[in-house]
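# Breakdown of the fold
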Amino acid sequence: EAPAPWRLPPAYRAMLAQLLVNAATGDEGALAARRAWDAFVFALRYHRRQYRASGEPYVTHPLEVASMLAKAEADLPSIMTGLLHDTVEDTGATLELVTERFGPEVSALVDGVTKLSRLELAREMQPGVQPALQASPA
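Residues numbered from 1 in each chain as written. Predicted model: local features only at pLDDT ≥ 70, side-chain atom pairs only at ≥ 80, totals over all residues. Heavy atoms only, no water.

### Points about the packing of aromatic side chains
In the structure shown here, the tally under the stated rule is 3 aromatic pairs. Considering the side-chain rings of W37 and F40, the 5.7 Å spacing of their centres and the 40 degrees angle between planes classify their relative orientation as tilted. One end of the pair is W37 and the other is F40, both in helix α2 (residues 30-46) and 3 residues apart, which spans about a single turn. Residues F42 and F102 carry aromatic rings whose centres are separated by 5.3 Å and whose planes lie at 90 degrees to one another, so their mutual orientation is edge-to-face. Pair noted here: F42 is in helix α2 and F102 is in helix α6 (residues 95-102), with a separation of 60 residues, a long-range link. Among the aromatic residues, ring-to-ring pairing joins F42, Y46 and F102 into one connected group. (Phe/Tyr/Trp six-rings, centres within 6.5 Å; stacked < 30°, edge-to-face > 60°. Helix = DSSP H or I, 4+ residues; strand = E, 2+ residues; numbered from the N terminus.)

Right, dumping it as structure tokens:
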């Protein structure tokens, strides 16, 4: 069973509420908010036993990613991908299940993010290669 959303730290509850409001302001309205909610619940269930080093539920990470995408006015499939991006890579969820639940567009985006993550990890494991997100020495 997934942890209840109200067990999220208060700042993340507010983040989730704002994410749903942002999703609902698009052309699809309440349907978009419902789809974003479903993606959040899916992520919550699959990350239910995972925690960050801080002790917070792991689902706070995909929620942060999706919130950044929503604030940047990304489309709904991108926001949903933010919520789902680690489920295939880090849990028992499969790409087929993501396709079944959220459709081929979201599934293709999740697959792409997963492949990018694997490429970055492989690159970082090469001797003498600096991670892409670190600033290069001037």
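### Some details on the nonpolar core
Counting residues in hydrophobic clusters, the biggest one holds 29 residues, and the most contacted among them are L19, F40, L63, L84, V98 and F102. Sorting the residues of this core by element identifies α1 (10-24), α2, α3 (60-71), α4 (76-84), α6 and α7 (104-124) as the ones contributing at least two each. Here this core takes 8 residues from α2, the largest share from any one element. Excluding residues that lie within four positions of it along the chain, V98 makes contacts with F42, L84, T87, V88, G103, V106, S107 and V110. (Core = buried A, V, L, I, M, F, W, Y, C linked by side-chain atoms within 4.5 Å. Buried < 20%, exposed > 50% of the residue type's maximum accessible area, 1.4 Å probe, protein only. Contact = heavy atoms within 4.5 Å.)

So, to be careful, I would describe these as geometric facts and stop short of saying anything about function.
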